[in-house]
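Single-letter residue listing:
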Amino acid sequence: MKLVRLLANLGYGSRKQVAMMFREGLVTDASGEVLYADDKVEHADVRFDGEPLDPPQGLVLMLHKPTGYTCSRKDVGRLVYELLPPRFALRNPVLSTVGRLDRETSGLLLFTDDGGLLHRIISPRASVAKVYEAELAEDLRGDEGGIFASGTLMLDGEDDPLEPATLEVLGPRHARLTLTEGRYHQVRRMFAAVGNHVEALRRTALGDLSLDGLPPGEWRPLSPDDIESIFRQGA
């Protein structure tokens, strides 16, 4: 792939803009030697304005989503894409969220331009464990864990019971919930079904992949080992 097309696909600008960047000497190799549009150089050896290029197609990012942001490109208000470098919105293929967290839910959110991986993660067949911590309006009664684990809990407006989920009590109004489904507002609706209300909700892990100290609003690319940890259930 020509370097002009590579940089344009990574969102650094249109092909015309990227061609101008070459003329300005902004694209170099790792040693600082200026590159030209037709040069053939390995992705890892290219520098833009002195910095390594973003990862190629197959990029997977983890964001610690703060509350108040919507997982959308077009909704009114603050959008999760605003927390990423602007060029990421121009990548081709496009960078999409892997599932969604609602506006008032914080925590681990993934992005990828790999459609196959996206569907692998969200597929019900994968049974990826999703771990949430919830702050509740009322004290836990004590029977919620059994109800959630039963595989018989029905949510309002649905015809199929939920798959069993695991509840860990962290405090009188603080709980960790692990589930393998991704129904609409599922955690909030589960607690509503047992007479409680979720006041704050954060997703802390997918499989064995956790936020691991990543601050709210910050992101990092995932390694192949990180990605495979999503499908491990030992957390």
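Above this text sits the structure in question.
Definitions and limits used
Residues numbered from 1 in each chain as written. Predicted model: local features only at pLDDT ≥ 70, side-chain atom pairs only at ≥ 80, totals over all residues. Heavy atoms only, no water. 1 Å grid on protein atoms, 1.4 Å probe; cavity = no way out; pocket = protein on both sides within 12 Å on 5 of 7 lines; lining within 4 Å. Points joined across faces, edges and corners; volume = space filled by probe spheres on them. Helix = DSSP H or I, 4+ residues; strand = E, 2+ residues; numbered from the N terminus. Nonpolar A, V, L, I, M, F, W, Y, C, P; charged D, E, K, R; others polar. Core = buried A, V, L, I, M, F, W, Y, C linked by side-chain atoms within 4.5 Å. Buried < 20%, exposed > 50% of the residue type's maximum accessible area, 1.4 Å probe, protein only. Contact = heavy atoms within 4.5 Å. Polar contact = N/O pair within 3.5 Å; in protein donor to acceptor, adjacent residues only side chain to side chain. Salt bridge = Lys/Arg side-chain N within 4 Å of Asp/Glu carboxyl O. Pairing = 2+ DSSP bridges.

Asks: Quick one: what's the story with the layout of surface pockets, residue by residue and with numbers?
Replies: By volume, the largest pocket amounts to about 660 Å³. If you go around the largest pocket, you meet 29 residues; those closest to its centre are Arg100, Tyr132, Gly182, Arg183 and Arg203. Contributing elements (two or more residues each) for the lining of the largest pocket: β6 (105-112), α3 (115-122), β7 (130-136), α5 (186-193) and β10 (198-206). Of the residues in the lining of the largest pocket, the class split is 13 nonpolar, seven polar and nine charged.

Asks: With reference to specific residues and values, describe the nonpolar core.
Replies: With 33 residues, the main nonpolar core has Val80, Phe111, Phe148, Leu177, Met190 and Phe191 as its most contacted residues. For this core, the secondary-structure elements that each account for two or more residues are β4 (60-65), β6, β7, β9 (174-179), α5 and β10. Each residue touching Phe191, except ones within four places of it in the same chain, is listed here: Ala134, Leu136, Leu140, Phe148, Leu167, Ala175, Leu177, Asn196 and Val198. Among the nonpolar cores identified, the runner-up in size contains 17 residues, and Leu117, Leu118, Val128 and Leu209 belong to it.

Asks: Run through the environment of Leu118, naming residues and quoting values.
Replies: Topologically, Leu118 is positioned in helix α3. With a relative accessible area of 12%, Leu118 lands in the buried category. Considered as a pair, Leu118 and Phe191 are 73 residues apart in the sequence and their alpha carbons are 28 Å apart. Filtering out sequence-adjacent residues up to four positions away, Leu118 remains in contact with Ser96, Thr97, Val98 and Thr112.

Asks: Kindly report on the side chain of Asp113, identifying the contributing residues and their values.
Replies: Summarising the element assignment, Asp113 is placed in the loop between β6 and α3. Separated by 2.7 Å, the side chain of Asp113 and the backbone nitrogen of Gly58 make a polar contact. Within the structure, Asp113 has its side chain in polar contact with the backbone nitrogen of Leu59 (distance 3.0 Å). Apart from residues no more than four positions distant in its own chain, Asp113 is found in contact with Pro56, Gln57, Gly58, Leu59, Arg91, Pro93, Val94 and Leu95.

Asks: Describe the pattern of salt bridges, listing the residues and the values that go with them.
Replies: Evaluation of the coordinates by the stated rule reveals 14 salt bridges. Residues Lys2 and Asp38 are paired through a salt bridge, measuring 3.9 Å at the closest nitrogen-oxygen approach. Taken together, the residues Lys2 in the segment before α1 (3-9) and Asp38 in the loop between β1 (27-29) and β2 (46-48) connect sequence positions 36 residues apart. Each of the two residues, Lys2 as well as Asp38, counts as exposed. A salt bridge links Arg176 to Glu133, with the nearest nitrogen and oxygen atoms 3.1 Å apart. Placement of Arg176 in strand β9 and of Glu133 in strand β7 is noted, with a sequence separation of 43 residues between them. Judged by its relative accessible area of 24%, Arg176 is partly exposed.

Asks: Report on the pairing of β6, specifying residues and quantitative values.
Replies: Along β6, eight of the eight residues are buried, which leaves the element largely enclosed by surrounding structure. In this sheet, β6 lies alongside β4 in antiparallel orientation, the contact comprising six bridges. Considered in β6, the bridge of Leu61 is made with Phe111. Pairing geometry for strand β5 (residues 96-97) and β6, over two bridges, is antiparallel. For Ser96, the partnering residue across the bridge sits in β6 and is Thr112.

Asks: Lay out unusual backbone geometry with the relevant residues and their values.
Replies: Cis geometry is found at the peptide bond from Asn92 to Pro93, where omega equals 5 degrees. Of note, Pro93 is situated in the loop between β4 and β5. Here His185, not a glycine, exhibits a phi torsion of approximately 50 degrees, which is positive. Along the chain, His185 turns up in the loop between β9 and α5. On the accessibility criterion, His185 (33% relative accessible area) is partly exposed.

Asks: Could you give an account of the side chain of Arg91, naming the residues involved and the relevant values?
Replies: Turning to its location among the elements, Arg91 is positioned in the loop between β4 and β5. Given a relative accessible area of 3%, Arg91 falls into the buried group. Polar side-chain contacts of Arg91 include one of 3.0 Å to the backbone oxygen of Pro55. Here Asp113 takes part through its side chain, which lies 3.1 Å from a polar atom of the side chain of Arg91.

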